[in-house]
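Single-letter residue listing:
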Amino acid sequence: MKLYEKILAGAAGATGAGVVAWRTMFPWIGYDLQLMSVGMKIFKVRNEAMTSMLVDKFEKHVVNNPKKPFIIFEDSVYTYEFVDQMACKVANVVKTWDVKPRDTVTMMISNEPSFIWTFLGLQKLGLATAFINYNLKMNPLVHSILAANSKYLIVGEGQTLLENIMDVRSELSGVNIYVQGLGNNLPPNGLQSFDPLMLAAHSSGIDPRVRSEVTMEDICCFIYTSGTTGTPKPCIIKHSKACVNCCITECIHLQPSDIFYIVMPLYHSAAGATGMFGVIHQGATIVLKRKFSASQFWPDCCKYDVTVIQYIGELFRYLLAQPPRKCDTEHKVRAAFGNGMRKDIWMDVNKRFKIPLIIEFFGATEGTTLLLNTSNKPGAIGRLSPFLNAIDSDPKALVKFDYGSAQPTRDKNGRCIKVDVGEPGLFISKVPDNMIHNGTFTPYMSSKEANEKKLVRNAFKDGDIYFNYGDLLVQDKDYFLYFKDRIGDTFRWKGENVSTTELANVITDLNFVQDANVYGVTIPGHDGRAGMVALTLNDGCNLGEKELKELYDHVKESLPEYAQPLFVRLLDQAIITGTFKQRKVELVQEAYDLDKIKDALYYRDVANKTYSTLAKADLPKFLTSKL
């Protein structure tokens, strides 16, 4: 009998019969037992992982399996030994700069091998690395780079990245910028080429004593998140948290023999802090893709003998939309690990692709806990049973909330109020004591105000501190949790967090716009929420063909595609609260419903490169198009 079953048996008063008694009284207890088994394995591996940093683990694999494939990229194979040599070159270049252990170097590199060996090279020197979203442009890009408080930026190859940096170069006067991929070409004014430095650098190893003063409580990297306050914020990933993240793959039993397919951006915590870190921890192999392709996904899995895949909800929805092929089932994928697969497609995924193990999870880059659905329960993201919460040193809760403030509501004693089964609640989790320093928890390298906004103090008793995820979950009678919605100033579309504040700031740069109220709306058949903006115009201005074209061009130039609003609503006057804050509740409820809205509505017309009037006849075709 397993340890957790012995615990239950002892509590019931009789070995064997006790477990039966518990299962009879609490039929859902079997789900808890299964989750506890996985949790114990993760806990055991975590303790082992905490004995050394990621870069130490990588170097150990280099010694033990130098010729083993580490990265497969566009039919090229990069061994552990080769990646180590490239990482050493990066380290030997960077050590000549004005940096010391614990300093930060920022990198903006797309999904390619150089992302990985640049990161590892910086780690060899004990430097923290800030991962910049390579889709960013203009002000959001400037903000993200400067927020890292770094004097150095390494930009990956690609004309688009170079152009985006050149557009904001004048605003990065204190940052030394090095560009990869220029070859023999001269860099633009104000930039330096990284290639000749790499060509001249030695691939000799870096003495680990260089980073000997760096501890597990120092920063490994910064992974940016939109959060609920608008601007991208660098989330602090300490070396200890990096090691914890890499152990999450224990839930899918990741082994050195596995081949892990990564199609999501490495700057994300899913592909980077879980996928890449997990592979490094185990010494497995990555098949790396520049970007997701629905038509190439399963052929790639078959071609490279992929055994583990990562996903977001939209990924499987796109795969299901592809014509059926033999490779849908003639693959070797044994496990899928990800988040956002909704209940409505779960069974279709199981039936069509026949993946033996699907593990759905819920968490946040800056969060303090992780939920796992290890029971193959369609649509569930984890569990929150009374038994699990009773034995959890850092309990979780779903509580009543105020939609406008994205904060919990309190009872007459000032405590949070837990919701009933079936009632949406704001998800909060207790911050572990070892994460609290000087009475607070610091998830971001940001202002004290931004960090404090994520905390719920005195939630259930004096002195406790809970973390506010800003997400609404709902619980069923068997204590499974399901994602319901996201509140606050962020919505999720195409697997990306979109900041309403950031988007509004971009749109109000237009001289005819007085106010832009941005929110997300649901679209049938699509996960997340699509961007919609309700505009009010300056006096004397109109939203004619010229302005609609200007709006389209402006957001296309300033924002990544996923952040460009799909719908525009023209208001006579702004909808605000008594304290002059934008009110979104009615706007979200009405969305683009032409039966409810008398205001002018427009949609993003990619074919004509403008925003065009939305009519009932256009709506079905637009909603079924590739948004």
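Residues numbered from 1 in each chain as written. Predicted model: local features only at pLDDT ≥ 70, side-chain atom pairs only at ≥ 80, totals over all residues. Heavy atoms only, no water.

## Topic: the overall build of the protein chain
Here comes step 1: Assigned secondary structure in the protein chain consists of 20 helices and 30 strands.
Here comes step 2: Against the 2.2 N^0.38 benchmark of 25 Å for 627 residues, the protein chain shows a C-alpha radius of gyration of 25 Å, consistent with a compact globule.
Here comes step 3: Counting over 627 residues, the protein chain shows a buried share of 57%.
Here comes step 4: Long-range pairs, those at least 24 residues apart, make up 68% of the contacts in the protein chain with a sequence separation of at least 6.
Here comes step 5: For the protein chain, the accessible surface area stands at approximately 26900 Å², while carbon and sulfur atoms represent 52% of it. (Helix = DSSP H or I, 4+ residues; strand = E, 2+ residues; numbered from the N terminus. Rg over C-alpha atoms; globule rule 2.2 N^0.38 Å. Buried < 20%, exposed > 50% of the residue type's maximum accessible area, 1.4 Å probe, protein only. Contact = heavy atoms within 4.5 Å. Areas by Shrake-Rupley, 256 points an atom, 1.4 Å probe, with all protein chains shown as cover.)

## Quick notes on the sheet that holds strand 4 (residues 128-131)
Here comes step 1: Strand order in the open sheet formed by seven strands is 7-6-5-3-4-8-9, with mixed pairing between adjacent strands. Each of the sheet's edge strands pairs with one partner strand only, and the pair in question is strand 7 (192-193) and strand 9 (233-238).
Here comes step 2: Direction of pairing for strand 4 relative to strand 8 (residues 219-225): parallel, over a ladder of three bridges. Bridging across to strand 8, Phe131 finds its partner in Ile223. (Pairing = 2+ DSSP bridges.)

## Side note on empty space enclosed by the protein
Here comes step 1: Tallied over the entire structure, the rule returns one cavity of 30 Å³ or more.
Here comes step 2: The calculated volume of the largest cavity comes to roughly 30 Å³.
Here comes step 3: Surrounding the largest cavity, Asp515, Asn517, Ala534, Leu535, Thr536, Leu571, Ala574 and Ile575 form its lining.
Here comes step 4: Of all the secondary-structure elements, those providing two or more residues to the lining of the largest cavity are strand 26 (513-521) and strand 27 (530-537).
Here comes step 5: Tallying contributions element by element places strand 27 first for the lining of the largest cavity, with three residues. (1 Å grid on protein atoms, 1.4 Å probe; cavity = no way out; pocket = protein on both sides within 12 Å on 5 of 7 lines; lining within 4 Å. Points joined across faces, edges and corners; volume = space filled by probe spheres on them.)

## Quick notes on helix 4 (residues 54-64)
Here comes step 1: Restricting attention to buried positions, one finds in helix 4 the residues Leu54, Val55, Lys57, Phe58, Glu59, His61 and Val62.
Here comes step 2: Contacts from the buried residues of helix 4 go to helix 3 (29-49), strand 1 (69-73), helix 5 (80-94), helix 6 (113-124), helix 10 (239-247) and helix 11 (269-282).

## Overview of the environment of Ile154
Here comes step 1: Secondary-structure assignment places Ile154 in strand 5 (residues 152-155).
Here comes step 2: Assessed through its relative accessible area of 0%, Ile154 is described here as buried.
Here comes step 3: Spatially, the C-alpha atoms of Ile154 and Glu547 are 37 Å apart, while their sequence positions differ by 393 residues.
Here comes step 4: Apart from residues no more than four positions distant in its own chain, Ile154 is found in contact with Trp97, Val105, Thr106, Met107, Met108, Ile109, Thr118, Tyr178, Gln180 and Phe194.

## As for the nonpolar core
Here comes step 1: Ranked by internal contacts, the top residues of the largest apolar core, which has 134 residues, are Phe70, Trp298, Ile309 and Phe316.
Here comes step 2: Considering each element in turn, this core owes the most residues, eight residues, to helix 5.
Here comes step 3: If near-sequence neighbours (up to four positions away) are discounted, Trp298 is found in contact with Ile309, Phe316, Leu319, Cys327, Asp328, His331, Val333, Phe353 and Ile355.
Here comes step 4: Of all hydrophobic cores here, the second largest spans 49 residues; its members include Leu503, Tyr552, Leu571 and Leu587. (Core = buried A, V, L, I, M, F, W, Y, C linked by side-chain atoms within 4.5 Å.)

Read these as spatial facts, not as claims about activity.
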